[in-house]
Amino acid sequence: MQIKILVAQPEHTVFAQAICDLIEESAKARGTGIAKRKPEYVIEKMLTGKAIIALVNGEIGGFSYIETWEHSKYVANSGLIVNPAFRRHGLARRIKAAIFNLSRTKYPEARIFGITTSLPVMKINSDLGYRPVTFSELTQDDAFWAGCKTCPNHDILERNHRRMCLCTAMMAPSAVEARKMVVDLSDMIVEG
Ligand SMILES: CC(C)(COP(=O)(O)OP(=O)(O)OC[C@H]1O[C@@H](n2cnc3c(N)ncnc32)[C@H](O)[C@@H]1OP(=O)(O)O)[C@@H](O)C(=O)NCCC(=O)NCCS
């Protein structure tokens, strides 16, 4: 299997429709109401350097893109999809790592967050340094929460005044915060 994980380029726009179809089919299969993505939206992400694409033997393997909120104070890595033909080969792990690094490079001051019910995504996020948080820590931008309107559980979110729902919220520190967290322990090394 020849796998390429790339920052999407204009030549990859030919895959936009296939990506949207994969997202829609997977949402149906999972019984979730994930917001439908239009090919134009996916193309715009590709043309602005805000997307990661995985190609397997030249076919579409997977995809994810960056969204920004509150003037780039927050970043979400959204629309993660892996082609069912290539699942369980570590593609999601590689795509998530690439989109995470791209987010931190493009928006070093932004915290990175996501909401999910997916076990694989929770595992991968934890390994990347995300921690579970309450919804109060996330962007309060109405445009972000509008994405939940097509979810069958939206009434639960509304009933709880956007404070909680069935998704787990996870957040990673910004690149700037992460650098500050690195503590130099070299003074504490005791040589025997
Ligand atoms: C979720 C999804 C992206 C995972 O893609 P993938 O390429 O198969 O995932 P990976 O192979 O990188 O696996 C990552 C981890 O999750 C685990 N995993 C993957 N699929 C799993 C499943 N169905 N059930 C349990 N664990 C699973 C893997 O074992 C791996 O864990 P490990 O490294 O500790 O062994 C893919 O199934 C998909 O596209 N699903 C539909 C869309 C979706 O759910 N998107 C997320 C929305 S938040």
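Refer to the structure printed above.
Only a predicted model underlies this, so the values are computations on that prediction, with no experimental measurement involved.

Draft legend 1. A look at the environment of isoleucine 115. If you trace the backbone, isoleucine 115 turns up in strand 5 (residues 111-116). When the C-alpha atoms of isoleucine 115 and leucine 166 are compared, they prove to be 9.3 Å apart, with 51 residues separating the residues in sequence.

Draft legend 2. Spatial organisation of the site of the ligand. Residues in close proximity to the ligand total 18 residues, the closest being Ser26, Arg87, Ala92, Arg93 and Pro120. Counting only elements with at least two residues in the shell around the ligand, the list comes to strand 4 (74-82), helix 3 (91-106) and helix 4 (119-128).

Draft legend 3. Looking closely at the packing of helix 1 (residues 16-30) against helix 2 (residues 39-47). Relative orientation of the contacting elements helix 1 and helix 2 amounts to 120°, with a least axis distance of 8 Å. It follows from the interaxial angle that helix 1 and helix 2 lie oblique. Here helix 1 and helix 2 pass one another in a crossing that is right-handed. Judged by residue contacts, Ala16, Gln17, Ile19 and Cys20 of helix 1 engage Pro39, Val42 and Ile43 from helix 2. For the contact of helix 1 with helix 2, the per-class residue count stands at 6 nonpolar, 1 polar and no charged.

Draft legend 4. Geometry of helix 2. Those residues of helix 2 that sit buried are Val42, Ile43, Lys45 and Met46. What you see down the axis of helix 2 is that its buried residues fit within an arc of 160°, all on one side. Where helix 2 is buried, its residues contact helix 1, strand 2 (51-56) and strand 3 (59-69). Directly after helix 2, the chain includes glycine 49, whose backbone phi takes a positive value near 70°.

Draft legend 5. Quick look at the nonpolar core. In this structure, Ile19, Ala51, Ile52, Ile53, Ile95, Ile112 and Phe113 are the most contacted members of the largest nonpolar core, which totals 39 residues. Taken together, the elements giving at least two residues each to this core come down to helix 1, helix 2, strand 2, strand 3, strand 4, helix 3, strand 5 and strand 7 (168-172). Beyond its immediate stretch of four places on either side in the chain, isoleucine 53 contacts Leu6, Ala8, His12, Phe15 and Phe63.

The rules behind these values
Residues numbered from 1 in each chain as written. Predicted model: local features only at pLDDT ≥ 70, side-chain atom pairs only at ≥ 80, totals over all residues. Helix = DSSP H or I, 4+ residues; strand = E, 2+ residues; numbered from the N terminus. Near = placed C-beta within 6 Å. Axes fitted to C-alpha atoms, helices over the stretch in contact; angles between N-to-C directions. Parallel < 35°, antiparallel > 145°, perpendicular 65-115°, else oblique. Left-handed = near helix turned anticlockwise from the far one by under 90°. Contact = placed C-beta atoms within 7 Å. Nonpolar A, V, L, I, M, F, W, Y, C, P; charged D, E, K, R; others polar. Buried ≥ 20, exposed ≤ 12 C-beta atoms within 10 Å, placed from the backbone. Arc of directions from axis to C-beta. Core = buried A, V, L, I, M, F, W, Y, C linked by C-beta atoms within 7 Å.

Geometric values such as these leave the question of function open.
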